[in-house]
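One-letter residues, chain by chain:
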Amino acid sequence: MPGRYSQFQLSTTTPRLRGGKGEPAPSPAPRVTWAMAPPRPSPSSAAAAAAAAPARGWARSAARSAVEAARTARGRRMALRGLAASGPSSRGPLDEAVEAAEERGAPAVLATGGAPEDDEEDEGRGRGLLRWDGFSAWLHCVCVVGFDLELGQAVEVIYPQHSKLTDKEKTNICYLSFPDSNSGCLGDTQFCFRFRQSSGRRVSLHCLLDHYDKDLPVYLKKDPAYFYGYVYFRQVRDKSLKRGYFQKSLVLISKLPYIHFFHTVLKQIAPEYFEKSEPYLEAACNDVDRWPAPVPGKTLHLPIMGVVMKADTHISVILPTVHEVDLFRCFCPVFLHSQMLWELVLLGEPLVVMAPSPSESSETVLALVNCISPLKYFSDFRPYFTIHDSEFKEYTTRTQAPPSVILGVTNPFFAKTLQHWPHIIRIGDLKPAGEIPKQVKVKKLKNLKTLDSKPGVYTSYKPYLNRDEEIIKQLQKGVQQKRPSEAQSVILRRYFLELTQSFIIPLERYVASLMPLQKSISPWKSPPQLRQFLPEEFMKTLEKTGPQLTSRIKGDWIGLYRHFLKSPNFDGWFKTRRKEMTQKLEALHLEVLCEEDLLLWTQKHTEVETVDLVLKLKNKLLQADREHLPVKPDTMEKLRTHIDAIILALPEDLQGILLKTGMT
């Protein structure tokens, strides 16, 4: 393969932040290291094409064979069994799926351009059952959006070619992949957008990797109803074109919110793609297809085609996380009001960010969503929103109250269209690291009348909490001492983390008290239900175990909690916690069942009751597998042993029926 390989190193372990006493440890967030691998010899283009042709043909043939094998019922059963039987061992479900494919004679497929001698290099990389499964674990597809004089913005390339996008999704991608004409973005621009998936979309094969997703922090989980678009847009003068400009975007479409990670990937491949076109894109996608799945808690080596560099050059660029933006750079113009903005995001208030370019709007919206981490923002947010978006009418109507959503916009038209929204942040150009913009003021909404309104936070909102002057002084001191933006971001992120944890800990403590006592769980009854969440009962607990135990900030915490309990963020958070606790009760019920002598029980009951018990136990097994219940592997094995023993004690005719009913 021409050029040299670059390598990502992905790890989901993050050191504990050091702070005051009792400071909660943050949830683990992946860490990425970008490093150059040893150089490979670069053959001539003709030689490379000649060498790649046989391997490409072999790969296509192998892919066809694998697909045909997968179509058989036996192949499907083996693939699913391999995925379902995975435990906490180092061998993942994908490894077992590959073994299943090999057992039925379907060869594992190398990426195009690969060769048998590359097998050793690929050892340890998780692979899907078929080609493009590895790619699908990270990306849905890659799009190239260009400008057609007759059609306007149009999708020129979708890769891999079998990727499915509805017409509505393609239209959204087209319009969201280009900055508004007023932005005047010359050169290269990177930004991010988010759009709703079309209803009725078929679940893709990488849903088999969903069990990895459950172990991730909420802010790193994939978004089942939305796609993220990561854009590298280039606009340069070109007299050879009728329009006078070369305008094109390379867009990565993914369900994963790995903003920093995918922007870094684009920085590596997009400039080369604009020079070398589709063959380069195909080679880069083949590299992604060979990546292991994004497994939490593991360090992953992710090779991607990089630029040709000098032989003696060794570069190592460390990305602190895969998902976070430069928090201080985004909050810099408004850091005096950062606590008020934290409240607005926490409460799910409608927010508009008006910025001069998609880069500024998307980074600011993502920073706002991130500021309540590790609490997930459960409302909708659009880092870059245009008048062509399919939800434009829904979000700009004046016939009803503005929805709970954060919009990032650049078109001056929105200054008038969204004038009725209660909270608007208007920012100027974000300064490079080291330069501090003038602090904006909080202004009344009536002052936002003209398109050239000055930067500011336009709202009538009165914060519940008193402003923390200590963090303001700390950040201002950093500005005076020219402290690096990265260090300022660490301070601000830790401040938001402590604030969110102080707010959420009393809720966690109260919700934990809704759990029934373990002694109330009986093997012969359904699992007990959680107690109801009573707002007033919770409020009474705040007097002794409220946020004052962990936070120095004073103010109307009770009023903030009352408002929060009516917000979409509370609704989403409580539904998630209730589901987790219900699953825990189901798991505890299974453990209690396994400790019983079920065979002795059947000897005292009729055959009808025994058959009913077997069917219920089988349903329990299926439920544990389907819902990924937190059950110990030995508990599942004990339950299977109980079922087998009970069935063998029954008459032969019943044995035959029960053995055919479900899987034991």
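If you're wondering where the values come from, they're calculated on a predicted model, not measured in any experiment. Per-chain numbering applies: the sequence of each chain, read as written, is numbered from 1 onward. Confidence filtering applies because this is a predicted model: local features only for residues at pLDDT of at least 70, side-chain atom pairs given and counted only at 80 or more, and all residues used for totals across whole chains, interfaces and linings. Derived side-chain values reflect all non-hydrogen atoms in the structure, with water molecules and hydrogen atoms excluded from consideration.

What follows deals with the overall build of the protein chain. The numbering of helices and of strands both runs from the N terminus, where a helix is a DSSP run of H or I of at least 4 residues and a strand a run of E of at least 2. Assigned secondary structure in the protein chain consists of 23 helices and 15 strands. Per-residue accessibility, obtained with a 1.4 Å probe over protein chains only, is compared with the maximum for each type, and a residue is labelled buried under 20%, exposed over 50%, and partly exposed between these values. Put simply, the protein chain has 664 residues, and 52% of those count as buried. Here, residues are in contact when the closest pair of their heavy atoms is within 4.5 Å. Of the contacts made within the protein chain by residues no fewer than 6 positions apart, 75% connect residues no fewer than 24 positions apart. For the area figures, the Shrake-Rupley method with a 1.4 Å probe applies, and any residue is considered shielded solely by the protein chains shown. As displayed, the protein chain has an accessible area near 32400 Å², and 54% of this comes from carbon and sulfur atoms.

Another aspect to go through is helix H22 (residues 633-648). Given a rise of 1.5 Å per residue, 16 residues ought to cover 22 Å, and the 23 Å separating the end C-alpha atoms of H22 matches this to within 8%. Looking only at H22, the buried set comprises Thr635, Met636, Leu639, His642, Ile643, Ile646 and Ile647. Summarising the axial view, the buried residues of H22 lie within an arc of 130°, below the 170-degree limit, and thus occupy one face. Opposite the buried face of H22, by more than 90 degrees, sit the exposed residues Pro633 and Leu648. The span one expects for a helix is its residue count, reduced by one, times 1.5 Å. Note that the arc is computed from the directions linking the helix axis to the C-beta atoms.

Another point: the nonpolar core. Put simply, buried Ala, Val, Leu, Ile, Met, Phe, Trp, Tyr and Cys residues joined by side-chain atoms within 4.5 Å make one nonpolar core. Core analysis: the largest hydrophobic core is formed by 105 residues, its most contacted members being Trp138, Phe331, Trp342, Phe503, Leu507 and Phe533. No other element matches the ten residues that helix H16 (residues 485-512) contributes to this core. The residues contacting Trp342, other than those within four sequence positions of it, are Cys371, Ile372, Leu465, Phe496, Leu499, Thr500, Phe503 and Leu560. Among the nonpolar cores identified, the runner-up in size contains 22 residues, and Leu593, Val611, Val631 and Leu654 belong to it.

In this structure, Thr610 sits in helix H21 (residues 607-626). A distance of 2.9 Å separates a polar atom in the side chain of Thr610 from the backbone oxygen of Thr606. Setting aside residues no more than four positions away along its own chain, Thr610 makes contact with Trp601, Thr602, His605, Ile646 and Leu650. Under this definition, polar contacts are N or O atom pairs within 3.5 Å; protein pairs additionally need one hydrogen-donor-capable and one acceptor-capable atom, and for neighbouring residues in sequence, both atoms have to be side-chain atoms.

This part takes up the sheet that holds strand S6 (residues 226-237). Spatially, S4-S3-S7-S6-S5 is the arrangement adopted by the five strands of the open sheet, whose pairing is antiparallel. Pairing within the sheet leaves two strands with one partner each, and these edge strands are strand S4 (152-159) and strand S5 (187-196). Adjacent strand axes in the sheet meet at a mean angle of 25°, parallel and antiparallel pairs treated alike. If DSSP finds at least two bridges between two strands, the strands pair. Relative to S4, strand S3 (residues 141-148) runs antiparallel, the two sharing seven bridges. Within S4, the position partnered with Val145 by the bridge is Val155. All axes are obtained by fitting lines to C-alpha atoms, using only the stretch in contact for helices, and the reported angles, taken between N-to-C directions, cover 0 to 180 degrees. Each of S3, S5, S6 and strand S7 (245-254) is contacted by helix H8 (residues 259-276), which is oriented at about 40° to S6, the strand it contacts most.

Across the sheet, which stays open at both edges, the six strands sit in the order S11-S12-S10-S13-S15-S14 with mixed pairing between neighbours. Pairing within the sheet leaves two strands with one partner each, and these edge strands are strand S11 (380-382) and strand S14 (442-443). Bridging between S14 and strand S15 (residues 456-459) involves two bridges; their strand directions are parallel. Note on S15: the bridge partner recorded for Lys443 is Tyr458.

Among the secondary structure elements, Pro271 is positioned in helix H8. In this view, Pro271 contacts Tyr232, Arg234 and Leu266; residues no more than four positions away in its chain are not counted.

Another point: unusual backbone geometry. Following Tyr159, the chain continues into Pro160 via a peptide bond in cis, with omega recorded as -5°. Inspection of the secondary structure puts Pro160 in the loop between S4 and helix H6 (167-176). Cis geometry is adopted by the peptide bond preceding Pro374, which originates at Ser373 and carries an omega value of 10°. Among the structural elements, Pro374 can be located in the loop between helix H12 (358-370) and S11. Of note, the phi angle at Lys482 is positive, near 55°, even though the residue is not glycine. Along the chain, Lys482 turns up in the loop between helix H15 (469-480) and H16. We classify Lys482 as exposed; its relative accessible area is 73%.

The description of an aromatic ring pair rests on the distance of the ring centres and on the angle between the ring planes. Aromatic pairing here means that ring centres of Phe, Tyr or Trp (its six-membered ring) are within 6.5 Å. Orientation follows from the plane angle: under 30 degrees is stacked, over 60 is edge-to-face, and everything else is tilted. This model, assessed by the stated rule, comprises 42 aromatic pairs. On the numbers, 5.9 Å between centres and 35° between planes, the contact of Phe328 with Phe335 is tilted. The exposure classification of Phe328 matches that of Phe335, with both residues buried. The rings of Trp342, Phe503, Tyr510, Phe533, Phe538, Tyr561, Phe564, Phe570, Trp573 and Phe574 are connected pair by pair, giving a single aromatic cluster. A cation over an aromatic ring shows up here: Arg194 above the ring of Tyr226, its NZ or CZ 3.9 Å from the ring centre. Consider the ring centre and the ring normal. A charge sits over the ring if Lys NZ or Arg CZ is within 6 Å of that centre and within 35 degrees of that normal. Of note, Arg194 hangs over the ring of Phe381, and the distance from its end group to the ring centre comes to 4.0 Å.

Turning next to the packing of helix H17 (residues 535-545) against helix H18 (residues 557-564). Direction vectors running N to C along H17 and H18 enclose 155°, while the axes themselves pass 11 Å from each other. Of the possible angle classes, the one that applies to H17 and H18 is roughly antiparallel. Classified by chirality, the crossing of H18 by H17 is right-handed. Facing H17, whose interface residues are Glu536, Phe538, Met539 and Leu542, H18 presents Ile558, Tyr561 and Arg562. Note on residue classes: Ala, Val, Leu, Ile, Met, Phe, Trp, Tyr, Cys and Pro are nonpolar, Asp, Glu, Lys and Arg are charged, and everything else, Gly too, is polar. Each residue belonging to the contact of H17 with H18 can be placed in one class, and the counts come to five nonpolar, no polar and two charged. When an angle is under 35 degrees it counts as roughly parallel; over 145 it counts as roughly antiparallel; between 65 and 115 it counts as roughly perpendicular; any other value is oblique. Here a crossing is taken to be left-handed if its near helix is turned anticlockwise relative to the far helix by less than a right angle, and right-handed if that turn runs clockwise.

Let's shift gears to the pairing of strand S13 (residues 423-426). Neither face of S13 is exposed, since His423 and Ile425 on one face and Ile424 and Arg426 on the opposite face are all buried. Sheet topology note: the strand S10 (residues 351-354)/S13 ladder contains three bridges and is parallel. Across the sheet, Val353 pairs through a bridge with Ile425, a residue of S13. Inspection of the sheet shows S13 paired to S15 by four bridges, in the antiparallel sense. Across the sheet, the residue bridging to Arg426 is Gly456, located in S15.

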